[in-house]
Amino acid sequence: AAAGGVEYVRSEDVDPSMPAGRYEIRLLRGGKNTLITSGPLVKGEQVSGMYASNSYLAWSLAAAGAPRQRIPAASTGGRLHVMTLAMKAPKIVLLNDDAGGISLSCGDSFIAWGNGSGKGDPGQYVLDLPSSKIWKLGQAQGISLVRAAGNILAWALPPKSKEAAPWRVSKWHGPQDQPL
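Residues numbered from 1 in each chain as written. Predicted model: local features only at pLDDT ≥ 70, side-chain atom pairs only at ≥ 80, totals over all residues. Heavy atoms only, no water.

Engineer: Would you take a moment to explain the overall build of the protein chain for this structure?
Structural biologist: Scanning the protein chain from N- to C-terminus turns up zero helices and 14 strands. Along the protein chain, helices (α) and strands (β) appear in the sequence β-β-β-β-β-β-β-β-β-β-β-β-β-β when read from the amino end. The buried share among the 180 residues of the protein chain stands at 44%. Looking at the protein chain alone, contacts between residues at least 24 apart form 38% of all its contacts between residues at least 6 apart. About 9500 Å² of surface is accessible on the protein chain, with carbon and sulfur atoms providing 52% of the total. (Helix = DSSP H or I, 4+ residues; strand = E, 2+ residues; numbered from the N terminus. Buried < 20%, exposed > 50% of the residue type's maximum accessible area, 1.4 Å probe, protein only. Contact = heavy atoms within 4.5 Å. Areas by Shrake-Rupley, 256 points an atom, 1.4 Å probe, with all protein chains shown as cover.)

Engineer: Help me understand the pattern of salt bridges in this model?
Structural biologist: It is possible for side chains of opposite charge to pair when their charged atoms get near one another. Inspection of the entire model under this criterion finds four salt bridges. With a closest N to O distance of 2.8 Å, Arg79 and Glu45 form a salt bridge. A residue pair is termed long-range when its members are at least 10 positions apart, and Arg79 in strand E6 (residues 79-83) and Glu45 in strand E4 (residues 45-52) qualify at 34 residues. Each member of the pair, Arg79 as well as Glu45, carries the same accessibility label: buried. Linked by salt bridges that have partners in common, Arg10, Asp15, Glu24 and Arg26 make up one network. (Salt bridge = Lys/Arg side-chain N within 4 Å of Asp/Glu carboxyl O.)

Engineer: Would you mind going over the sheet that holds E4 with me for this structure?
Structural biologist: Backbone hydrogen bonds hold the strands of a sheet together, and the pairing may be parallel or antiparallel. Ordered by their spatial adjacency, four strands build an open sheet running E4-E5-E6-E7, and the pairing between neighbours is antiparallel. Two strands bound the open sheet, and with one partner strand each, they are E4 and strand E7 (91-94). Sheet twist, expressed as the average angle between the axes of neighbouring strands with direction ignored, equals 20 degrees. Relative to E7, E6 runs antiparallel, the two sharing four bridges. Within the sheet, the bridge partner assigned to His81 lies in E7 and is Ile92. (Pairing = 2+ DSSP bridges. Axes fitted to C-alpha atoms, helices over the stretch in contact; angles between N-to-C directions.)

Written out as C-alpha cells, the structure reads:
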C-alpha cells in the first residue's frame, strides 16, 4: 500500500484476461483504478517482486533459467525497475542473479534488496536514488534480506551457529563511500 492506495501487478500468470507477454502496475485509490506503468515480458519472464512506498515504486522482473552468475547487459537475467509516480520511465538495474527470490524494500531516498533465501547472488544492496549509485552492504547465503523505513536500514548477517541470524541496523546517510 502506498500513495494513499494499493499498488498491484497484473500479468497473464495472475490475471488470465491480460495479454501474454505484458504486465501492468496499477494504483487503486478512492475507487479509481489508474495505470502507473506497463511493459513487455519475454517468454518465461515474470514480475517476481514489488515494493511501494509513498515516494517510490520498485519491482523486479525474473527470467526463467537465467544464468546464476554476473549477468551481461545483453542477457535476459533479472532486472530491478525503480520509479516515482511522477516519472515517465523507470531506472533499470541489471541484477547479479535471476531475481526469482528477490526481497525488496524502500527507504526515503533509496531502494534496498537481497535475494531472500534463493540461490544465486547472496549480496545485500542499496541503490541511492539521488546519485544512482549502488552499495553492497554484505552477503548472507540463504538469508539475504534487507529492510528499510525512512532513513533506517536493517540487514541480516550470516548466522554463526544454528540460532537465528543477527541483524545490523544503521541510518542511511547517503553516498559516503565508494559504490560498487
